[in-house]
Amino acid sequence: MTQDASISLPFLKMHGLGNDFVVIDGRGARAVPDIATIRAMGDRHRGVGFDQLALILDDDATDAQVRFYNTDGSEAGACGNATRCVADLLMREADATSLVLRTERGALPCERSGDLIRVNMGQPVEDWAQIPLSRDVSLDALPLPGAPSAVGMGNPHCVLFVEDADSAPIAEVGPRLEHDPLYPERTNVEFVQVLDRNTLRQRTWERGAGITLACGSGACAVAVAAHRRGLTERAVTIRLDGGELHLDWRDDGVWMTGPVAYVFDGVWRG
Ligand SMILES: N[C@@H](CCC[C@H](N)C(=O)O)C(=O)O
């Protein structure tokens, strides 16, 4: 794998419910971007713009490895929507209807389901130190305003239940919670309204990216937190700003199903 911040870097722009990604294929001897290039590409005015960059790499044990980077250049252990996008891309490439992608949190099985793509995002992390939190506290009544829930999905989440998600002050409260010392590696923040036992409304402030139209790992965290609190069934539909995701917390993990879309491809000349 060559670290190369200059000349030409082919990329694909995709999105899942408006959660948008630059996808770079770094398999074989292809060049991969360094962190400065990732930040430059993420700039919505001077670059391509994305919520996350997904880097595909070779893997011996699964179909491919995927690493995720936020707009600020930080690496994320999980990204549900980008996982679904890369799964669709590689299933088309292999003419397959299922595959396994390795991410930092482990090997994630992905499947085609009609026009939709689903992924098993694994079981939530319930050990406070692994989420990670900075101390041992009740996971469904964090000592923070609004007593949110903490859920780990390979990345940290803070799930705040609100009366009305549409009027929640996301831009103000999101960054405050993202940087709260209770989350030593910062956190993603979900603002959630329960509509009924099978339906939730979610808006998201993402660590390292800000307000996004959808967050897949966040939707998994929301489904887990709502069920743990006895508010919903194990299978729910979540309405995000960019569309709907279907979540099913099963014995083998949290399955997430939703659409993916191709936008354009190009070559970065940094
Ligand atoms: N868009 C994502 C989550 C991306 C990573 C997140 N911002 C983090 O830093 O953990 C998703 O679909 O899961």
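Residues numbered from 1 in each chain as written. Predicted model: local features only at pLDDT ≥ 70, side-chain atom pairs only at ≥ 80, totals over all residues.

Going by an unreviewed UniProt entry, the protein chain carries the name Diaminopimelate epimerase and comes from Pontivivens nitratireducens. According to the UniProt record, the Function (unreviewed entry) comment for the protein chain is "Catalyzes the stereoinversion of LL-2,6-diaminopimelate (L,L-DAP) to meso-diaminopimelate (meso-DAP), a precursor of L-lysine and an essential component of the bacterial peptidoglycan." Per UniProt, the protein chain carries the Subunit (unreviewed entry) text "Homodimer." (UniProt positions renumbered as here; feature names shortened; annotations may be inferred.)

*Asks:* Before we go on, may I ask you to explain the site of the ligand in this structure?
*Replies:* Around the ligand lies a shell of 20 residues, among which A76, N81, N155, G216 and S217 are the nearest. For the shell around the ligand, the secondary structure elements donating two or more residues are β6 (64-70), α2 (80-94) and α4 (216-228). The element contributing the most residues to the shell around the ligand is α4, with three residues. For the shell around the ligand, the class distribution of residues is six nonpolar, 11 polar and three charged. Per-domain counts for the shell around the ligand show at least three residues from each of domain 1 (2-102 + 260-268) and domain 2 (149-251). (Near = placed C-beta within 6 Å. Helix = DSSP H or I, 4+ residues; strand = E, 2+ residues; numbered from the N terminus. Nonpolar A, V, L, I, M, F, W, Y, C, P; charged D, E, K, R; others polar. Domains from an automatic or database assignment.)

*Asks:* When you look at helix α3 (residues 170-178) in this model, what are you seeing that I'm missing?
*Replies:* By the burial criterion, the buried members of α3 are I170, G174 and L177. Mapping the buried residues of α3 onto a view down its axis gives an arc of 75°, with all of them on the same face. Exposed positions of α3 whose direction lies more than 90 degrees from the buried face are A171 and E172. Against the buried residues of α3 lie β12 (156-161), β13 (188-196), β14 (199-206) and β15 (210-212). (Buried ≥ 20, exposed ≤ 12 C-beta atoms within 10 Å, placed from the backbone. Arc of directions from axis to C-beta. Contact = placed C-beta atoms within 7 Å.)

*Asks:* So what exactly am I meant to see when it comes to α2 here?
*Replies:* Along an α-helix, a turn takes 3.6 residues, which lines up residues three or four apart on a common side. Between its terminal C-alpha atoms α2 stretches 21 Å, which fits the 21 Å expected from 15 residues at 1.5 Å a residue. For α2, the full list of buried residues reads G80, N81, A82, T83, R84, C85, V86, A87, D88 and L89. Directly after α2, the chain includes D95, whose backbone phi takes a positive value near 55°. (Expected span 1.5 Å × (residues − 1).)

*Asks:* Help me understand the UniProt feature "active site" (unreviewed entry) in the protein chain in this model?
*Replies:* Mapped onto this structure's residue numbering, the UniProt feature "active site" (unreviewed entry) falls at C79 and C215. Taking the farthest pair of C-alpha atoms as the criterion, the annotated set spanning 137 residues converges on one region, since that pair is 7.7 Å apart. Note on placement: C79 falls in the loop between β7 (75-76) and α2. Of the residues examined, C79 has 33 C-beta atoms within 10 Å and is grouped as buried.

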